[in-house]
Amino acid sequence: MDAEQHNLFAVITRTAAERPAQPFLRLTSGQVVTFGQMLEHSARATAWIEDRGLKRGDRVVTQLEKSPAALMLYLGCVRGGFVFIPLNTAYTAPEVTYFLSDAQPALLVASSASPAASIATEARRECLGPTLEDAPWLSCDLAAPVAAVGPHEPAAILYTSGTTGRSKGAVLTHNNLSSNALVLHEAWRWRDGDVLLHALPTYHAHGLFVALHGALLNGSTILFHDKFEVAAVIDALPSATVFMGVPTFYTRLLDDPRFDRSRCEAMRVFISGSAPLLESTFLAFRERTGHDILERYGMTEALMVTSNPYEGPRRPGTVGRPLPGVDVRIMREDGVPAGSDQPGLLQLKGPNLFSGYWQNPEKTAEDHTPDGYFISGDVAVRDRDDFIKIVGRAKDLIISGGFNVYPKEIEMMIDALPGVAESAVIGVPHPDFGEGVVAVVVPHRGVPLDPATIRAAATSELAAFKRPKDVIVVEDLPRNAMGKVQKALLRTRYASLFARP
Ligand code: AMP
């Protein structure tokens, strides 16, 4: 293989030159960016970065709203062999300062409204607006070649969303990203004529890699939404065949009575990930649309790891089977492989697995086993058919009175009760038990919920040490932008629940 063929850009744009006039992006304004224009913009963006003095392997940090220009900058960066580091626009100035000191980029590209636009930095700084008409690279050379890179050279560093602890930069190579894109292309049966409705953020692996690379590799048009807005998504669905979302997207679609079967007639597949999809959401979605959401599981450090099947039954509450080439094992805490249906730590390796945490060999070593498996931090069970269920995060484990309590088990019991929409079970300091189990429960909208019914059900269904010592009914659970419940925030909120007066 020629070296430039290892470049992720070359892999995912392999059919782009054959379809120059086909829309690559269709914006909500009606404006179109063709595949031909995408190739031109990304080539000029490569030259623009080079003109700023960067060499292959140098890092580019961006803090930009989702936009066509931000996307072209990403493509130009990968194309030129520079390392792309996108930051969420929600990060504050102190957070951005931390990322810049950690990443040491040669170039910082910011939108004028973002904290990165005004922060003190040694990096060269440029501002970028959202539209391509005034992109700063328009007058740059078209001739910059696709950089020849080795398969294991870094293409991007993504800071993990870090619901606990300080964010670490996961270094993803060209081969990590292209191998995963090729596996998903096959697993989800991308085909001619597919149109992707893209409403995910582009600073996270889900929107930037899984969705974007999938469409590009397939030569598919993207209906490009700057953010997820229920009404706009419902209006666009009849023109799409593939949709990817976090579970919150699906519950919000279901909350809108306009969302019905007729809107989904052209749809081929709805895919969910980044956080657990409730079984009740899966079933309500099936009832409303006739579609079974395809749930998959992955993480920044390893991209996509498992997927429910495209053909054959998709099992609600599971994340499906390991993807081809991905080696997944489930290990008990004592280091022995867990048997079928026994919980254990999910560990994995494969071509998708990142090369390590940026400048953090200690943390990289800590999160790998001596035989090279990555310790995901998720607790999972695998059934006899190889379907995997994520039953919790190792660090969410509650130890109450010396007993291990897996929150997911209690959440599943509570979620199955009538009137309950969802729940989060946490451990907070308790003077007698070390940690006390607390259930934070969200009722279905408008349905009164008596905590006593949850206590009664727990008494009849759970061993005493697992029963919540307090049940708190709330309207919503706090979530981050990727739909993950922020348990750390709940633990802080209820930290003094059992404090002695
Ligand atoms: P991130 O690195 O932000 O993508 O977060 C990765 C974590 O999200 C995983 O380690 C899981 O804890 C969680 N996650 C992703 N997909 C799923 C899923 N389908 N079901 C349950 N948890 C998921």
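For the structure itself, consult the block above.
Residues numbered from 1 in each chain as written. Predicted model: local features only at pLDDT ≥ 70, side-chain atom pairs only at ≥ 80, totals over all residues. Heavy atoms only, no water.

A. Structural context of the side chain of E295. Along the chain, E295 falls in strand 13 (residues 294-299). For E295, which is buried and forms no salt bridge, the nearest opposite charge comes from R296, at a distance of 7.6 Å. Excluding residues that lie within four positions of it along the chain, E295 makes contacts with S272, A275, P276, L277, S307, N308, G317, T318 and V319. (Helix = DSSP H or I, 4+ residues; strand = E, 2+ residues; numbered from the N terminus. Buried < 20%, exposed > 50% of the residue type's maximum accessible area, 1.4 Å probe, protein only. Lys, Arg positive; Asp, Glu negative; His and termini not counted. Salt bridge = Lys/Arg side-chain N within 4 Å of Asp/Glu carboxyl O. Contact = heavy atoms within 4.5 Å.)

B. Looking closely at the site of the ligand. What surrounds the ligand is a group of 15 residues, the closest being E295, R296, T300, D378 and K484. Its free accessible area being 500 Å², the ligand has 90% of it covered by the protein chains. Considering every element that reaches the shell around the ligand, the biggest residue donor is strand 13, with 5 residues. Tallied by class, residues from the shell around the ligand come to 5 nonpolar, 5 polar and 5 charged. (Near = heavy atom within 4 Å. Areas by Shrake-Rupley, 256 points an atom, 1.4 Å probe, with all protein chains shown as cover. Nonpolar A, V, L, I, M, F, W, Y, C, P; charged D, E, K, R; others polar.)

C. Main features of the sheet that holds strand 9 (residues 195-198). Strand order in the open sheet made by the 9 strands is 2-1-10-9-11-12-13-14-15, with mixed pairing throughout. The open sheet has two free edges, formed respectively by strand 2 (32-34) and strand 15 (321-322), since each of these has just one partner strand. The pairing of strand 9 with strand 11 (residues 242-245) spans 2 bridges and is classified as parallel. Along strand 11, the bridge assignment pairs L196 with V242. Lying on the sheet, helix 2 (residues 35-51) is in contact with strand 1 (23-27) and strand 2; it crosses strand 2 at an angle near 75°. (Pairing = 2+ DSSP bridges. Axes fitted to C-alpha atoms, helices over the stretch in contact; angles between N-to-C directions.)

D. Representation of helix 8 (residues 247-254) in the model. Where helix 8 is concerned, the buried positions are P247, F249, Y250, L253 and L254. Along the long axis of helix 8, the arc covered by the buried residues comes to 160°, so they all point the same way. Close packing links the buried residues of helix 8 with helix 7 (230-236), strand 11, strand 12 (269-272) and helix 9 (279-289). (Arc of directions from axis to C-beta.)

E. Here's a closer look at the pairing of strand 19 (residues 374-382). Counting buried positions along strand 19 gives 7 out of 9 residues, so the element sits mostly inside the fold. Two elements, strand 17 (residues 344-349) and strand 19, share 4 bridges in a ladder whose sense is antiparallel. Opposite L345, over in strand 19, you have V379 as the bridge partner. Two strands pair when backbone bridges link them, and strand 19 and strand 20 (residues 388-393) are joined in this way by 5 bridges, in the antiparallel orientation. Bridge pairing links A380 to I390 in strand 20.

F. Highlighting unusual backbone geometry. For S274, which is not a glycine, the phi torsion comes out positive at approximately 85°. Relative to the assigned elements, S274 resides in the loop between strand 12 and helix 9. Since its relative accessible area comes to 15%, S274 is described here as buried. Even without a glycine there, the phi angle at L303 is positive, about 55°.

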